[in-house]
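Each chain, written out:
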Amino acid sequence: MSGFNYSSFNSKKMNAVPPPANLGGSTGPKKLNAVPPPTNIAPGVRNSAVPVPGSGLSKQGYSTMTSISQNALTASWGTGSRKRAVTEDEYFDVDEEEQVPDLAYIPAPDSPTRLEMDKKQGQEEEEDDPLDAFMAGIEAQVEKETKKEVVPTQQPPQQQPVRNDLEEEDNEESYYRYMEENPNAGLLPVEEDGIEIEYDEDGNPIPPDKKRIIDPLPPIDHSQFEYKPFQKNFYIEHPEIKMMSNEKVLELRGTYDLTVKGTDVPKPVASFAHFGFDDKLLKTIIKAEYSSPTPIQAQAVPAAMMGRDVLGIAQTGKKKALENRQIVHTVHVSVQKPVDEGEGPIALILAPTRELALQIYTEAKKFAKIYDLRVICAYGGGSKWEQSKALKEGAEIVVATPGRIIDHVKIGATNLQRVTFLVLDEADRMFELGFEPQVRSVCNHVRPDRQTLLFSATFKKKIERLAKDALSDPIRISQGIAGQANEDVTQDVLLLPNQDAKRDWLFRKLVEMLSAGSVLIFVTKKVDAEKVAKDLLLKEYDCLLLHGDMEQAERNKVITAFKKQEVPLLVATDVAARGLDIPHVRTVVNYDIARDIDTHTHRIGRTGRAGTQGTAYTLLTSRDKEFAGHIVRNLEAAKQEVPHEILDLALQSAWFKKQRFKKQDQHSSNVGGIGLGFKDTSAGSMRGFVASSSGNLSTSAPASTKGPATDRLSAMKEAFKAQYVNQFTASAENTPVAQPRKKKSRWE
């Protein structure tokens, strides 16, 4: 015990051992002293020595509790050392409620205090933790349930108790039973756009990939169905029309520029009163601001009301099918039996694009509400679940795109058994987008004795083949020339140096164009459309933007705002080039040339609608020489003036130059029997050929110049001159006719 630094005590005095055994031999009670008395103190002898103060001994010579604690601390931390400072981490790791030991010293082994502490610690360990007890209870319950599930096969299954006091299940029980039987009830199905139109990066509609095309409807045997008869002839000829002579009929058709083919063709009308409509329908027509029927309407509506199939071919912008469709199908459906829940529509209208389908739907509702008819529009991009729900409830008129109506027929949302009035609008566009198999399958699923109306801007072989298969003894009505631009639109074609000149021209003319009405600017590429719209906004012109990458809801919002004239300026790609009927558009600007001449024609057709006058500007550059030939032919067909610079640009194209001077085209209006279509040779030099100062072709050899290639250049000029003289007819009688010469071999 020398380490305790107590010099006044020897090691014998500090032994913490049990008392001697002889002490317990007496008959008296045992004394359990923690530390025995010192051995040097004899029994019965009084020690008179007084302990030194601060030595840690009591008067009797025993160690006090203070000395024992001090000795323990000294042994733990070293002799005379101070307690180490607590670090920040140690400070926060220590709990606020420090555990205070029960005793300030460590009891000796086998001592009563040590035995009592061991007994108490054993009791604490035997107590269960609450979490352990909870988990043990769960395990016991699981084991119990597992034993219950193991039922012997000999025992019959226990039946669930049934309440006999209730005769019928209440709403809550019915709901739970329905959800058990239909676990997917109320879940929105995954949208599948199917074969609906997609748009490329330039915003132009493109044919869908064959891998993504929805399979057409399977063939159907109509002999297995018993179709009910229906009425489709409800036309009563007006007395004034009945009294019209054949000469007057031909004169009226000539005034309308109509060409009609077919058997038992009705006479054209000159007013809405000649149709024999009731007052409600006439008031709606007047409210829609239709003053008189359009030329194709005057002939097509009587034919359709007679129940005949109609093939309508007209210039774009003449409203080929819009009013015809709304009026005829409204009258047709109103006389049929109403549609019950679960039945298919009576009138089905197919459109190539979702924009056109929405426009037809909006116009159809105006006339359908007169007779309380229901109209549904089904197109890609809309909620298929909502459309199928509406179709199951029943509707008399359905406007749809080919792919979406096929989807609904396949899933059983509707059927085509009650369809007696079928309309194919913009059939040429549907075929261009690759919808021919789908359109034919829909036609085959409709009853054979239906009434069919087909409208198109062109009459190509595919359209002619479809008309032959889908229409029965049709009346073909065409206005003007198929694919021809509208004569009511004044076309102005300009040749500009570059794109910057186009932008400057647009800013100069925009105020003048906006003063006449709304302006529609067509741009081929989406990136260029965004750039033009941004430039207009920088010039503080309020404009809208429309292209194919926009969401369907956003595109509908833009078209609606432009129709309502909230914004008078719209920059668009060819998404808006077909079918959209916006009467207040007075000016169309082709900022970029179209992909083809048909798209160009439909662009122009967005103005000059239904007899109104419009203006179309087309901006060309020197790079557009291949398309300039189509522009020239389009202008000539519409009886418009062809600018000289545009004709010169077109003549730089090989295909146009070759086709223009064929013998069958020499009597066209722009040739005039003067060879290449140029003015008299005396007026100036021939384009592309060597000319003399007087304007006539030089017959002498060119002036000699210095250089090694002089003779070769002269020979090439003479060869081109001879080729020109042999190929074309002379423009005047005084021009010498070239004598035929012997054809040289390739070796001469």
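Above this text is the structure in question.
Everything quoted here is computed from the prediction, not taken from an experiment.

Trainee: Quick question: what am I supposed to make of the overall build of the protein chain here?
Mentor: For the protein chain, the count of helices and strands is 24 helices and 16 strands. Among the 748 residues that make up the protein chain, the fraction classed as buried is 40%. With the model as given, the accessible surface of the protein chain reaches about 45,600 Å², and the carbon-plus-sulfur share is 52%.

Trainee: Is there a simple way to explain unusual backbone geometry in this structure?
Mentor: Note: most residues except glycine have negative phi, and most peptide bonds are trans. At Glu540, a position not held by glycine, the phi torsion is positive, near 65°. Structurally, Glu540 is set in the loop between helix H18 (526-538) and strand E13 (544-546). Residue class for Glu540 comes out exposed when judged on its relative accessible area of 75%.

Trainee: Looking at this structure, how should I read the sheet that holds strand E14 (residues 569-572)?
Mentor: Sheet strands pair via backbone hydrogen bonds, and the direction of the pair is either parallel or antiparallel. The parallel open sheet is built from six strands, whose spatial order is E11-E16-E15-E12-E14-E13. For this open sheet the edge positions go to strand E11 (489-495) and E13, each flanked by a neighbour on one side alone. Strand-to-strand twist in this sheet, taken as the mean axis angle between neighbours without regard to direction, amounts to 20°. Relative to strand E16 (residues 614-620), E11 runs parallel, the two sharing seven bridges. Residue Val493 lies in a different strand from E16, and its bridge partner there is Thr618. Each of strand E12 (518-522), E13, E14 and strand E15 (585-590) is contacted by helix H19 (residues 552-563), which is oriented at about 135° to E13, the strand it contacts most. Taken strand by strand, helix H20 (residues 597-604) contacts E11, E12, E15 and E16, and its axis lies near 150° from that of E15.

Trainee: Just checking my understanding: could you explain the pattern of salt bridges for this structure?
Mentor: When the charged atoms of two side chains lie near each other, side chains of opposite charge can form a pair. If you walk through the whole model with that rule in mind, you get 16 salt bridges. Two residues, Glu343 and Arg418, come together in a salt bridge whose shortest N-O distance is 3.0 Å. Of this pair, Glu343 sits in the loop between helix H10 (322-334) and strand E5 (347-350) while Arg418 sits in the loop between helix H13 (402-410) and strand E8 (421-424); the two residues are 75 residues apart in sequence, bridging distant segments of the chain. Here Glu512 makes a salt bridge to Lys509, at a shortest N to O gap of 3.2 Å. With Glu512 and Lys509 both in helix H17 (residues 499-516) and three residues apart, the pair spans about one turn of that helix. One salt-bridge network, in which partners are shared between bridges, spans Lys384, Arg404 and Asp407.

Trainee: So what exactly am I meant to see when it comes to the packing of aromatic side chains here?
Mentor: The way to describe two aromatic rings as a pair is by their centre distance and the angle between their planes. Using the criterion set out here, one finds six aromatic pairs in the structure. Ring geometry for Phe275 and Phe277: centres 5.2 Å apart, planes at 35°, overall tilted. There is no split in this pair, since Phe275 and Phe277 are both buried. Judged by centre distance (5.8 Å) and plane angle (80°), the ring pair of Trp655 and Phe656 falls under edge-to-face.

Trainee: I would appreciate a short explanation of the sheet that holds strand E6 (residues 375-378) in the present structure.
Mentor: Spatially, E3-E10-E4-E9-E8-E5-E7-E6 is the arrangement adopted by the eight strands of the open sheet, whose pairing is mixed. The open sheet has two edge strands, strand E3 (258-261) and E6, and neither has a second partner. Each adjacent strand pair in this sheet contributes to an overall mean axis angle of 15°, direction not counted. When E5 meets strand E7 (residues 397-400), the two strands line up parallel, connected through four bridges. Among the inter-strand pairings, Leu350 is bridged to a residue of E7, identified as Ala400.

The rules behind these values
- Residues numbered from 1 in each chain as written.
- Predicted model: local features only at pLDDT ≥ 70, side-chain atom pairs only at ≥ 80, totals over all residues.
- Heavy atoms only, no water.
- Helix = DSSP H or I, 4+ residues; strand = E, 2+ residues; numbered from the N terminus.
- Buried < 20%, exposed > 50% of the residue type's maximum accessible area, 1.4 Å probe, protein only.
- Areas by Shrake-Rupley, 256 points an atom, 1.4 Å probe, with all protein chains shown as cover.
- Pairing = 2+ DSSP bridges.
- Axes fitted to C-alpha atoms, helices over the stretch in contact; angles between N-to-C directions.
- Contact = heavy atoms within 4.5 Å.
- Salt bridge = Lys/Arg side-chain N within 4 Å of Asp/Glu carboxyl O.
- Phe/Tyr/Trp six-rings, centres within 6.5 Å; stacked < 30°, edge-to-face > 60°.

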